[in-house]
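Coordinate analysis (summary)
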Amino acid sequence: MKYGYARVSSQDQNLERQTQEFIRFGIAKRNIYADKKSGKDFERTAYLKLIRKLKQNDLLVVKSIDRLGRNYSMIIEEWHKITHIIRADILVLDMPLLDTRAGENSLMGRFISDVVLQILSFVAEKERDNIRSRQAEGIALAKARGVKFGRPKITLDEKFKSTALIYAAGNITLKEALRALNITRSQFYYRYKMLKESQDKKS
C-alpha cells in the first residue's frame, strides 16, 4: 500500500501542492495524510494515525525531507523505526537518493538512504553551528561598539507615578491617563505593574 504524508507549519498555509504530487504519483486520496503543525516533533494527529496503519512493505512518500520534520536527529530515529522496525519503505520525491526501495536489492536501497540521511544530518548540524557562531561573533562585535541588548531599563518618573495614582483612585479614565503620558496601553500597564510591585516591596 502507498501512503502520502504532507505537512505545513501553520493553518493559513496550503497543502494542495504536496497532495497533488502524491496523486500524480498514484496515491489514492484516502491514503494521503496531512498535518498543519510545526515539524519540531512527531506528535501530530494525522502522522500518528498514518504510522499506526503503516505495515511491512508499505511505501511512505513525502515531498521533501523537511516535511517529515525539521530536527534531523529525530528524523533519523523515526526513519529507523519506519524502515527497520515496521519494515516499510520511504521515498522522498525531491531527493530520489532517499528511496529505500532500490528495486530487487532493497538492502542496498536502505543502506544508501541511511548514509545519505546521515550526511544530511551532519550538514544541517554543521550549518546550525555556523549560524550560532556567526551570531555570537556579531553580538560580540556589537557589544564592543557599545550596543546594548535586552529590554531597555525603564524608570518610573514622578509624572507617571502621580498620573497612575490619580487613575487608580478613579479620578481619570485610562484614555485620559494615556493621553497625559503619551504612551500606549501596554506600556502603561507594564509600568503600572512595576509601580505596584515596588510599592508592595516597601509595604
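Please refer to the structure higher up on the page.
Residues numbered from 1 in each chain as written. Predicted model: local features only at pLDDT ≥ 70, side-chain atom pairs only at ≥ 80, totals over all residues. Heavy atoms only, no water.

1. A closer look at the overall build of the protein
Scanning the protein from terminus to terminus reveals eight helices and four strands. When the helices and strands of the protein are listed from N to C terminus, the series reads β-α-β-α-β-α-α-β-α-α-α-α. Its C-alpha atoms give the protein a radius of gyration of 28 Å, clearly above 17 Å, the size a compact globule of 203 residues would have. When the backbone C-alpha atoms are referred to their principal axes, the protein occupies close to 80 × 45 × 30 Å. Counting all 203 residues of the protein, 35% fall into the buried class. Across the protein, every contact between residues at least 6 apart in sequence was considered, and the portion connecting residues at least 24 apart equals 57%. (Helix = DSSP H or I, 4+ residues; strand = E, 2+ residues; numbered from the N terminus. Rg over C-alpha atoms; globule rule 2.2 N^0.38 Å. Buried < 20%, exposed > 50% of the residue type's maximum accessible area, 1.4 Å probe, protein only. Contact = heavy atoms within 4.5 Å.)

2. Structural notes on the nonpolar core
The tendency in soluble globular proteins is for nonpolar side chains to be buried side by side. Leu54, Ile65, Leu68, Trp79, Ile82 and Leu98 are the most contacted members of the largest nonpolar core, which has 26 residues in total. The contacts of leucine 98, once residues within four sequence positions are left out, are Ile65, Trp79, Ile90, Leu91, Val92, Ser113, Val116, Leu117 and Leu120. (Core = buried A, V, L, I, M, F, W, Y, C linked by side-chain atoms within 4.5 Å.)

3. Quick look at the sheet that holds strand S1 (residues 2-8)
Pairing is parallel in the open sheet, where four strands are placed in the order S2-S1-S3-S4. Every other strand in the sheet has two partners, leaving strand S2 (32-36) and strand S4 (89-92) as the edge strands with one partner each. This sheet shows a mean twist of 20° between the axes of neighbouring strands, independent of strand direction. Sheet contacts for helix H1 (residues 16-25): S1, S2, strand S3 (59-62) and S4; angle to S1, the most-contacted strand, approximately 165°. (Pairing = 2+ DSSP bridges. Axes fitted to C-alpha atoms, helices over the stretch in contact; angles between N-to-C directions.)

4. Examining the pattern of salt bridges
This model, assessed by the stated rule, comprises six salt bridges. Where aspartate 94 meets lysine 63, a salt bridge forms, and the shortest distance between an N and an O atom there is 2.7 Å. In this pair, aspartate 94 is assigned in the loop between S4 and helix H5 (106-144) and lysine 63 in the loop between S3 and helix H3 (65-68), connecting sequence segments 31 residues apart. Among the residues examined, lysine 63 registers a relative accessible area of 6% and is labelled buried. The residue lysine 161 makes a salt bridge to glutamate 158 at a minimum N-O spacing of 3.7 Å. Here glutamate 158 and lysine 161 lie together in helix H6 (residues 158-168), a separation of three residues that amounts to about one turn. Overlapping salt bridges bring together Glu21, Lys63 and Asp94 as one network. (Salt bridge = Lys/Arg side-chain N within 4 Å of Asp/Glu carboxyl O.)

5. Observations regarding the packing of H6 against helix H7 (residues 174-181)
The geometry of H6 relative to H7 is characterised by a closest axis approach of 10 Å and an angle of 170° between their N-to-C directions. Between H6 and H7, the crossing angle belongs to the class labelled roughly antiparallel. Each of Lys159, Phe160, Thr163 and Tyr167 in H6 lies in contact with H7, whose residues at this interface are Leu174, Ala177, Ala180 and Leu181. Among the residues forming the contact of H6 with H7, the class breakdown is six nonpolar, one polar and one charged. (Parallel < 35°, antiparallel > 145°, perpendicular 65-115°, else oblique. Nonpolar A, V, L, I, M, F, W, Y, C, P; charged D, E, K, R; others polar.)

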